[in-house]
Amino acid sequence: ILVGSVGMIVFVGNTLKGGGGASVSKQIITAIGVIVFIIFSYYYINHLLDSSEAFNNRMEQTLAGDSSGRDRISEDIVDYLLNKASFVQLLFGSGARATVKYIGIEAHNDWLEIAMAQGAIGIVLYLLYWFGFYRHWKTMTKDTTERFAFGILLLIYFTKTLFSMSYNDMPIYATCVMGYCLAVTTSK
């Protein structure tokens, strides 16, 4: 929800300022759509608060700082890496799904998952991947739809690395957009 909200804010902001060649009519339609969406969301959330005990409980847990056990998972992985992993495991990792094997659950964090599975070498390669992603975005022609779409993908999927599993869960529609943007921008 957080990543989607940030992506939506960036999208709406870009459209309202006329980025990517947005016409005035597109800007007006986007502004009206945002207002309708905000009003709809307000009433929908109020309805959930009034009628759903499960939603209220989850909201209270979130506001109280409940991270669904992700902090414990992270602590367990860091403890394993610092106190139980061999030098070879730290360097090359413990293999695919090592977090499930040693901790009992996936990391819900790409960096910790890769540290366990592929070690320091995997982390370096993943850093190079993200650096290349960012560098390519920076070299793209400004104010183009492709650059904007590629930037949104960068924002969404890099953010997901911190609390989700983006590197093994990129849907086909996202990879199609990425492939299209890369094809268009590298063929020029």
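First, a word on what this report is: a plain description of the structure on this page.

Conventions adopted
- Residues numbered from 1 in each chain as written.
- Predicted model: local features only at pLDDT ≥ 70, side-chain atom pairs only at ≥ 80, totals over all residues.
- Heavy atoms only, no water.
- Core = buried A, V, L, I, M, F, W, Y, C linked by side-chain atoms within 4.5 Å.
- Buried < 20%, exposed > 50% of the residue type's maximum accessible area, 1.4 Å probe, protein only.
- Helix = DSSP H or I, 4+ residues; strand = E, 2+ residues; numbered from the N terminus.
- Contact = heavy atoms within 4.5 Å.
- Expected span 1.5 Å × (residues − 1).
- Phe/Tyr/Trp six-rings, centres within 6.5 Å; stacked < 30°, edge-to-face > 60°.

Let us look at the nonpolar core. Within the largest apolar cluster, 26 residues are counted, with the highest numbers of intra-cluster contacts made by I77, M116, W130, F133 and F150. Looking at which element gives the most residues to this core, the answer is helix α7 (residues 110-139), with 10 residues. With residues up to four places along the chain from it excluded, the contact list for F133 reads F150, L153, L154 and M178.

Glancing now at the environment of I39. Among the structural elements, I39 can be located in helix α2 (residues 24-51). In this structure, the C-alpha to C-alpha distance between I39 and V100, residues 61 residues apart in sequence, is 42 Å.

It is worth spelling out the environment of V88 at this point. Within the secondary structure, V88 is located in helix α5 (residues 87-92). We classify V88 as exposed; its relative accessible area is 51%. Linking V88 and M170, residues 82 residues apart in sequence, is a C-alpha distance of 29 Å.

The end-to-end C-alpha distance of helix α8 (residues 145-160), which contains 16 residues, comes to 22 Å, matching closely the 22 Å that a straight helix rising 1.5 Å per residue would cover. Among the residues of α8, E146, R147, F150, G151, I152, L153, L154, Y157 and K160 are the ones counted as buried. Lining the buried residues of α8 we find α1 (2-16), α7 and α9 (172-186).

Attention now goes to the packing of aromatic side chains. Summed over all chains, the structure comprises 14 aromatic pairs. Note on Y126 and W130: the rings are 6.1 Å apart at their centroids and 80° apart in plane angle, and the pair reads as edge-to-face. Of the two residues, Y126 and W130 are both situated in helix α7; the distance of four residues between them amounts to about one turn of the helix. Looking at W130, the relative accessible area reads 6%, which means it is buried. Judged by centre distance (5.9 Å) and plane angle (40°), the rings of Y134 and W137 are tilted. Of the two residues, Y134 and W137 are both situated in helix α7; the distance of three residues between them amounts to about one turn of the helix.

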